[in-house]
Every structure is written in C-alpha cells, then in structure tokens.
Amino acid sequence: MRKTATKLADGRELIYYDAGDAVLRDAPDPRPLPPATPPVTEVRHDRILGEDVVIASHRQTRTFLPPAEACPLCPSSPGHPTEIPAPDYEVAVFENRFPSLAGTAGRCEVVCFTPDHHASFAGLTDARAALVLAVWTDRTAELAALPSVRQVFCFENRGEEIGVTLGHPHGQIYAYPFVTPRTERMLASAAAHATRTGGGRNLFDDVVAAEHEDGRRVVLATDHWTAFVPYAARWPYEVHLYPRRRVPDLLALGDAARTEFPQVYLELLRRFDRIFDGREGGDGHSTGLPPALPPTPYVSAWHQAPFRDPRRSEFALHLELFTVRRAPGKLKFLAGSESGMNVFINDVPPEAAAERLREVASE
C-alpha cells in the first residue's frame, strides 16, 4: 500500500491510499481557499445522564445534497476543482471541512473509497474492500496516537433516509476525546458479566457462542467471522459481525481475518441491497410488487475499544450494520419511546430478519 500525504489549499490534510507502490499523487489544490479557521467545537457533559454531548454550530452551513455535477468528493476535473485535486483516486482521506470534532475536542475525517459518484461499497472489488480495511486500520493507529483521542470510530452512512448530506459514496472517521456512551455501557455490561459468572467470563465471547449454539439468528459463519442478528435487535434489519478470535480493535485483527473480510462484508452489504426486492410487505407476506426502491439505506459502524484504557482487553472489535427501512416504502422512525426513553420497539422479529438475510444470499 502506498500512502501519499499532502495539503489542501486551506491547510487541511489529504491522504491518498493506493494498493500499488508505483502510483504518484501530486496534483495541487488550485482553489483559492482562505486558511482554515479552527472551528469552535465544544464538548459538554450531561450531569444527569453522565454522557458527553458535542456542540458544533458551524456545521449548520455545511454542504447539503449538491447535484452530482457539483459533488465535492468526485475527483477534480477541468473547471470543477473538488476536495480531491487528483483526476482519479483509489481511496482518499481528508480532514472534514465541517467537523463535529476538532482540535483538542478530537478530529473528523472523510473517507472516499471510490471515485465513482454512482457506485456503492457493495459494488467494490475484494481488492478495493481490502484496501479500505487497511485504510481504517492505518487511520485508527494515526488518530489513536493523538494525545486528546480516546476512541476511534470508523463508519459509513448511506442513503438520504439515514441523513447523509453528500450523495457520493463515502465514510467517516471520528476521533473522540472521550469514551462514547455506547461503549461505556458495553464495558460496564462486560464487567458485570465477568463478576456475575464468577470465573471472569467474557461477555462478548459468551454472546457469540450462544448465537452459534442457537443458530436461528446466524446470517453467515466462516472460518474467521460470524455474522448474526442480535437476540434483542433494535432495528428492523440489524447484523453484528465479529471476528472468531476476539481482539480489541482493527490494529489487532489477524492476517487470516483480514484476508477473509472483503468476501464476508461485501456479501452482507449485497444481501442488504436484496432484502426489499418487492417480495415482502410490512406483514412479511408477498406484495407481488416489482423492485422499485432505491438502494437500502444503512449505517455500518465499527466498534473498537478505547485507547489508554485498562478495560481494553475485555472489549471485542465488531461491526454493526443496520437499516432504518422496515418494509418497502416504510421507515423505522425514532418515536416517543425510542427518542424519549431509549426503549426501542422493533416491528421485525430478529429470527425473521435473519431468515430473510439468509434467503437473499448470493447464488
């Protein structure tokens, strides 16, 4: 992998990642941008819930769903300079122009994994998916080395229904200056489980083992990965992907699991795109309708252990993939119980979701 670091016109960092060593990326950014002004990002602590909240008012002016011809994530072309000056790229990472976290309050990066505006992650080759995994790992290592960073979060949002503001396929990386509330709850549950079982058993190991033993919610299982719909899934279609050998983060992932990851992950994404093909209505029965829906909106999120934390060894790296679409033409909105009390109500039984995801496996 070749890594080429450069600067955009306003001083933000841009890094090209290429699978081959022979590729050179030296196109300068021709835009007359003023030097980037450090955004005012504030982390406030909610004393009642014991959680941190980020205040980032400058994001109100961020770019919102521009037309394809004005996309800032496409490669630059004559008369259309973008955030990526090169006329082509494999994977490009740059500091977000409108970051939620910045300076001593962390860092936000954009990950562009294809120059094709109309592509998707599911359409990538195995080799490109492997390169993206290497990029996630490299960025995790670089960001974790920053003194203010406690946790690194790599993720992709797809679809306007999810809330994306740029249509070009891309992901993001957040480097938090604190341990996120969700991770804190996982670590607390793991500690309680170790105490309750007496022998210091690991919660994540036991959950994955239980899913294997039950079998009804397992979507696919390979030599080095297990994908299943969780027993208490919050979202209509939700899959958790774990490496068979527990590791705390992407840095510790073994070579065999890295090699196998592209096939497993791309298969899961392609199944998500086939869930709603017109055969299933809100009650799970056939509608007889032809496929006419846009690609399935989803969130794909890596959960990694916090850095410089004594609880790291008890955490398990895993990916959570879910969609807000519950049936053709119907979305799962966070209503009163979910938004007000954080009690999710799922209309799709996890066992039915797993069965559907097995049905749409590649031939």
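These numbers were taken from a predicted model, which means no experiment stands behind them. (Residues numbered from 1 in each chain as written. Predicted model: local features only at pLDDT ≥ 70, side-chain atom pairs only at ≥ 80, totals over all residues. Heavy atoms only, no water.)

Our next topic: the overall build of the protein chain. Looking only at helices and strands, the protein chain has six helices and 15 strands in total. Over its C-alpha atoms the protein chain spans a radius of gyration of 21 Å, differing by no more than 12% from the 21 Å that the globule rule assigns to 363 residues. Dimensions of the protein chain along its principal axes, counting C-alpha atoms only, are 60 × 50 × 45 Å. Across the 363 residues that make up the protein chain, the buried fraction comes to 49%. Put simply, 63% of the contacts in the protein chain that link residues at least 6 apart link residues at least 24 apart. As displayed, the protein chain has an accessible area near 17200 Å², and 55% of this comes from carbon and sulfur atoms. (Helix = DSSP H or I, 4+ residues; strand = E, 2+ residues; numbered from the N terminus. Rg over C-alpha atoms; globule rule 2.2 N^0.38 Å. Buried < 20%, exposed > 50% of the residue type's maximum accessible area, 1.4 Å probe, protein only. Contact = heavy atoms within 4.5 Å. Areas by Shrake-Rupley, 256 points an atom, 1.4 Å probe, with all protein chains shown as cover.)

To continue, consider the packing of aromatic side chains. Following the criterion strictly, the structure yields 20 aromatic pairs and no others. Taking 6.4 Å as the distance between ring centres and 75 degrees as the angle between the ring planes, the aromatic pair formed by tryptophan 136 and phenylalanine 261 counts as edge-to-face. Here tryptophan 136 is found in helix H1 (residues 126-144), whereas its partner phenylalanine 261 is found in helix H4 (residues 255-274), with 125 residues between them in sequence. For tryptophan 136, a relative accessible area of 7% translates into the label buried. The cationic tip of arginine 234 hangs over the ring face of phenylalanine 344; the distance from NZ or CZ to the ring centre is 5.7 Å. (Phe/Tyr/Trp six-rings, centres within 6.5 Å; stacked < 30°, edge-to-face > 60°. Lys NZ or Arg CZ within 6 Å of the ring centre and 35° of its normal.)

A few words on the pattern of salt bridges. Tallying each qualifying case throughout the model produces 31 salt bridges. A salt bridge links arginine 325 to glutamate 161; the nearest nitrogen and oxygen atoms lie 3.4 Å apart. With arginine 325 in strand S14 (residues 325-327) and glutamate 161 in the loop between strand S7 (151-158) and strand S8 (171-176), the pair connects residues that are 164 residues apart, well separated along the chain. A salt bridge links arginine 356 to glutamate 359, with the nearest nitrogen and oxygen atoms 3.1 Å apart. Separated by three residues within a single helix, arginine 356 and glutamate 359 lie in helix H6 (residues 350-359), roughly one turn from each other. For glutamate 359, a relative accessible area of 48% corresponds to the partly exposed category. Members of the salt-bridge network, linked through shared partners, are Lys3, Glu13, Glu95, Arg107, Glu109, Asp138, Arg139 and Glu142. (Salt bridge = Lys/Arg side-chain N within 4 Å of Asp/Glu carboxyl O.)

Once that is clear, we can look at empty space enclosed by the protein. In the structure shown here, the tally under the stated rule is one cavity of 30 Å³ or more. In this model, the largest cavity occupies a volume close to 40 Å³. Forming the walls of the largest cavity are Phe121, Trp136, Phe155, Glu156, Tyr265, Ser300, Ala301, Trp302 and Leu319. Contributions of two or more residues to the lining of the largest cavity are made by S7 and strand S12 (298-303). Per-element tally for the lining of the largest cavity: the top contributor is S12, with three residues. Among the residues making up the lining of the largest cavity, the classes are represented as seven nonpolar, one polar and one charged. (1 Å grid on protein atoms, 1.4 Å probe; cavity = no way out; pocket = protein on both sides within 12 Å on 5 of 7 lines; lining within 4 Å. Points joined across faces, edges and corners; volume = space filled by probe spheres on them. Nonpolar A, V, L, I, M, F, W, Y, C, P; charged D, E, K, R; others polar.)

Here we take up the confidence of the model for the protein chain. Of all residues in the protein chain, 96% have pLDDT values of 70 or greater, and the mean over the chain is 93. Counting interchain partners and residues more than four positions distant, the pLDDT-below-50 stretch residues 278-291 has 21 contacts. (pLDDT = per-residue confidence, 0-100.)

Moving on, we get to the sheet that holds strand S5 (residues 91-95). Strand order across the open sheet formed by eleven strands is S1-S2-S5-S6-S8-S7-S12-S13-S11-S10-S9, with antiparallel pairing between neighbours. This sheet does not close on itself; its edge strands, each paired only once, are strand S1 (2-7) and strand S9 (218-221). Mean inter-strand twist for the sheet, computed between neighbouring axes without regard to direction, equals 20 degrees. Where S7 lies against S12, four bridges are found, and the strand directions are antiparallel. (Pairing = 2+ DSSP bridges. Axes fitted to C-alpha atoms, helices over the stretch in contact; angles between N-to-C directions.)

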